[in-house]
Amino acid sequence: MTATIEPGAHPAALTAQGSLLRTLPGRAYVDPAFFAAEQDGIFDQMWICAVRSDDLSGPGRFKTVQISRESILLTRNRKGEVRGYFNVCRHRGARLCLEESGEVKRAFQCPYHAWTYDLDGKLIAAPNLTSMPDIDRVEYGLHHVAVREWLGYVWVCLAPQPPSFEATVQQDVIDRLGDLASIDAYDIEHLQPGRRIHYDVQANWKLIIENFMECYHCATIHPELTEVLPEFANGYAAQYFVGHGAEFGEEIEGFTVDGSAGLGKIPGIQEEQDRRYYAMTVRPQVFINLVPDHVIFHRLFPMAEDRTIVECDWLYLPDVVASGKDVSSSVELFDRVNRQDFDACERCQPSMSSSQYAEGGVLVPTEHHIRIFHDWVLDRVGDLG
Amino acid sequence: MLNVCPLSELPPGEALRVPCSPPIAVFRTEEGEVLAIDDTCTHQDASLADGWLEGCQVECPLHASRFDLRTGAVDAPPAKRPVRTHRVEVVDGMIQVELSLDTPNLPPGLAAGSGANA
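Residues numbered from 1 in each chain as written. Chains lettered and ligands numbered in written order. Predicted model: local features only at pLDDT ≥ 70, side-chain atom pairs only at ≥ 80, totals over all residues.

Looking at an unreviewed UniProt entry, chain B carries the name Bifunctional 3-phenylpropionate/cinnamic acid dioxygenase ferredoxin subunit, with the source organism given as Leekyejoonella antrihumi.

Chain A goes by Aromatic ring-hydroxylating dioxygenase subunit alpha in an unreviewed UniProt entry, where it is assigned to Leekyejoonella antrihumi.

### Looking at the overall build of chain A
Scanning chain A for helices and strands turns up 10 helices and 18 strands. Computed over its C-alpha atoms, the radius of gyration of chain A comes to 22 Å, within 12% of the 21 Å expected for a compact globule of 385 residues. The C-alpha extent of chain A, read off along each of the three principal axes, is 75 × 55 × 30 Å. For chain A, the residues scored as buried account for 43% of the 385 residues in total. Summarising the internal contacts of chain A: among those between residues at least 6 apart in sequence, 64% fall at separations of at least 24. (Helix = DSSP H or I, 4+ residues; strand = E, 2+ residues; numbered from the N terminus. Rg over C-alpha atoms; globule rule 2.2 N^0.38 Å. Buried ≥ 20, exposed ≤ 12 C-beta atoms within 10 Å, placed from the backbone. Contact = placed C-beta atoms within 7 Å.)

### Section: the domain arrangement of chain A
Residue and element names in this part refer to chain A. For chain A, the assigned domains read domain 1 (48-157) and domain 2 (185-384). Distance from the C-alpha centre of domain 1 to the C-alpha centre of domain 2: 32 Å. Listed per partner, the contact involves seven residues of domain 1 and 11 residues of domain 2. Top element by residues in the side of domain 1 that touches domain 2 is strand β2 (residues 48-52). It accounts for three residues. In the side of domain 1 that touches domain 2, the residues fall into three nonpolar, two polar and two charged. (Domains from an automatic or database assignment. Nonpolar A, V, L, I, M, F, W, Y, C, P; charged D, E, K, R; others polar.)

### Focus on the UniProt feature "domain: Rieske" (unreviewed entry) in chain A
Here the UniProt-annotated "domain: Rieske" (unreviewed entry) positions come out as residues 47-156 of chain A. Secondary structure content for residues 47-156 of chain A is 0% helix and 43% strand, while the C-alpha to C-alpha distance between its ends is 5 Å. (UniProt positions renumbered as here; feature names shortened; annotations may be inferred.)

### Here we look at the environment of A:H369
One can find A:H369 in the loop between β18 (362-363) and α10 (370-381). Once the C-alpha coordinates of A:H369 and A:E210 are considered, the two residues, 159 residues apart in sequence, prove to be 9.6 Å apart.

### Examining the interface of chain A and chain B
Where the parts come together, the accessible area they lose is often given as the size of the interface. The interface is formed by 11 residues belonging to chain A together with 13 residues belonging to chain B. Its residues assigned to classes, the side of chain A that touches chain B comprises six nonpolar, four polar and one charged.

### Let's talk about the pairing of strand β4 (residues 34-38) of chain B
All names here are of chain B. Among the five residues that make up β4, five are buried, leaving the element largely enclosed by the rest of the structure. Bridge count for strand β3 (residues 24-28) against β4 is five bridges, and the pairing is antiparallel. In the sheet register, F27 faces β4, and the bridge partner there is L35. Linking two consecutive strands that pair antiparallel, namely β3 and β4, is a turn of five residues; a positive phi of about 105 degrees is found at G32 within it. (Pairing = 2+ DSSP bridges.)

### Some points on the nonpolar core
Counting residues in hydrophobic clusters, the biggest one holds 131 residues, and the most contacted among them are A:I48, A:A50, A:I208 and B:V26. When residues are assigned to domains, this core turns out to be shared by domain 1 (48-157) and domain 2 (185-384) of chain A, each giving three or more. (Core = buried A, V, L, I, M, F, W, Y, C linked by C-beta atoms within 7 Å.)

### A word on the sheet that holds strand β2 (residues 15-18) of chain B
Two modes of strand pairing occur in sheets, parallel and antiparallel, and in both the strands are linked by backbone hydrogen bonds. Residue and element names in this part refer to chain B. Read across the sheet, six strands follow the order β1-β9-β8-β4-β3-β2 without closing on themselves; strand pairing throughout is antiparallel. Two strands close off the open sheet at either side, each with one partner strand: β1 (2-6) and β2. Taken pair by pair, the neighbouring strands of this sheet meet at an average axis angle of 25 degrees, ignoring direction. Relative to strand β9 (residues 94-98), β1 runs antiparallel, the two sharing four bridges. (Axes fitted to C-alpha atoms, helices over the stretch in contact; angles between N-to-C directions.)

### Structural notes on unusual backbone geometry
In this structure, the amide linkage connecting A:R283 to the following residue, A:P284, adopts the cis form with an omega of 5 degrees. Along the polypeptide, A:P284 turns up in the loop between β14 (276-282) and β15 (286-291). For the bond running from B:P77 to B:P78, omega is 15 degrees, close enough to zero to count as cis. Mapped onto the elements of the fold, B:P78 is located in the loop between β7 (66-68) and β8 (85-91). Notably, A:N128 is not glycine yet its phi reads approximately 65 degrees, a positive angle. Structurally, A:N128 can be placed in the loop between β9 (123-125) and β10 (144-150). Phi at A:L151 takes a positive value of approximately 60 degrees, unusual for a residue other than glycine. Locating A:L151 in the fold gives a position in the loop between β10 and β11 (153-157).

### Quick notes on helix α2 (residues 32-43) of chain A
Residues and elements named next belong to chain A. Within α2, burial applies to F34, F35, A37, E38, I42 and F43. Around the axis of α2, the buried residues are gathered within 165 degrees of arc, so they sit on the same side. Exposed and oriented more than 90 degrees from the buried face of α2 are P32 and A33. Those residues of α2 hidden inside the fold are in contact with α1 (27-30), β2, β3 (61-67), β16 (294-304) and α10. (Arc of directions from axis to C-beta.)

Written as structure tokens, this is what we have:
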């Protein structure tokens, strides 16, 4: 861990001119101090996609999620509006909700001294509270986090002054697709999860992002995907060109593990979106994959420098889910892709601390755009890393 | 008689804590009935006016014992003793309460005439 990273340094300066560009040095993937700086500079500052809106199906339904170093409690108030709180009792700091999900009837109550908060976070009761009239019940309510619903997901931001959602999250989608209308066409908000798979990946979150950004590996580790999307064999990532979706192979009927027919097409999609796969990364922790009959939506939760939890939803039209149609052949395709990718990331992780990787590796031309991501990380981390 | 407030200031489903000694809680049920009990739960110092009104019962916000607003009876532990009830009249649109002369069942640490009377 001797390599230092100059903030904002252009990796081109670190390599000879030619086909290859430098990656980040190994320590960016293994050093707890670098990971802590990423939490400070990225995950504590940006909009993070936390849960599916439907997971909070009504007032009092709740989920707890770890974002950066914090446990965040998400619920809906009486009016059905999403609310987010730091899951920390204002009295002596006990974790308010231990469960990952559940439902309260009217209030959240700390199991330690019974400080009790309503669904809007206000302190509504506590032992002896009426004899302490100087306690302001709003001031001593739960600390809020900013929340926003988009694409049927609840996004949260831990920062007291969140960045513009439009200029960050939505701009990443625009940069990839050209406009928001292209994603609105899939009506993701009203699709429903037909399957959700939880992956516990023993790799740094950046390895997962870098892997998703390039397709140089596709022909080697993704035989099924490359069968469905033959152009992936050329190694150019679908994410490289604005507005470009990878076309299904001629013989391919649907985005399924064996190329068999998929389900009913999402009604709003345009003709040019049919028979194509679009993928995008929404920094810092979301992948969205669009195909004509479903959407695959990944949320990454970095837990440590060498561990990332990935929640992947396969979203279908409501009638597909309601009628219990068999979605397994489409789920199996991307579940295999996920496992193939995460295996590759786990194969890289132990080498990140090798003496021989102290200065990092190299990016071939079909991977050069990953450098934009690296520059962005270095910029966000600043001299903290 | 204790003048509490005009009826119009206490909407159905709401409660008002009156900081007399010991404090009382006046409820207006969804059905429109106005009822008064001691405000302090008999188990631990908690304000029943902050509790959850359902029909003619209020649930303590801390440990969920429920008190009947008409009789003062408690349904289940941890509270074991009833609260006092107070007679209510609405005269010319004003809620008036006649305080009970019974000894209140205050929780440990709160003797009658002291404690939660801020």
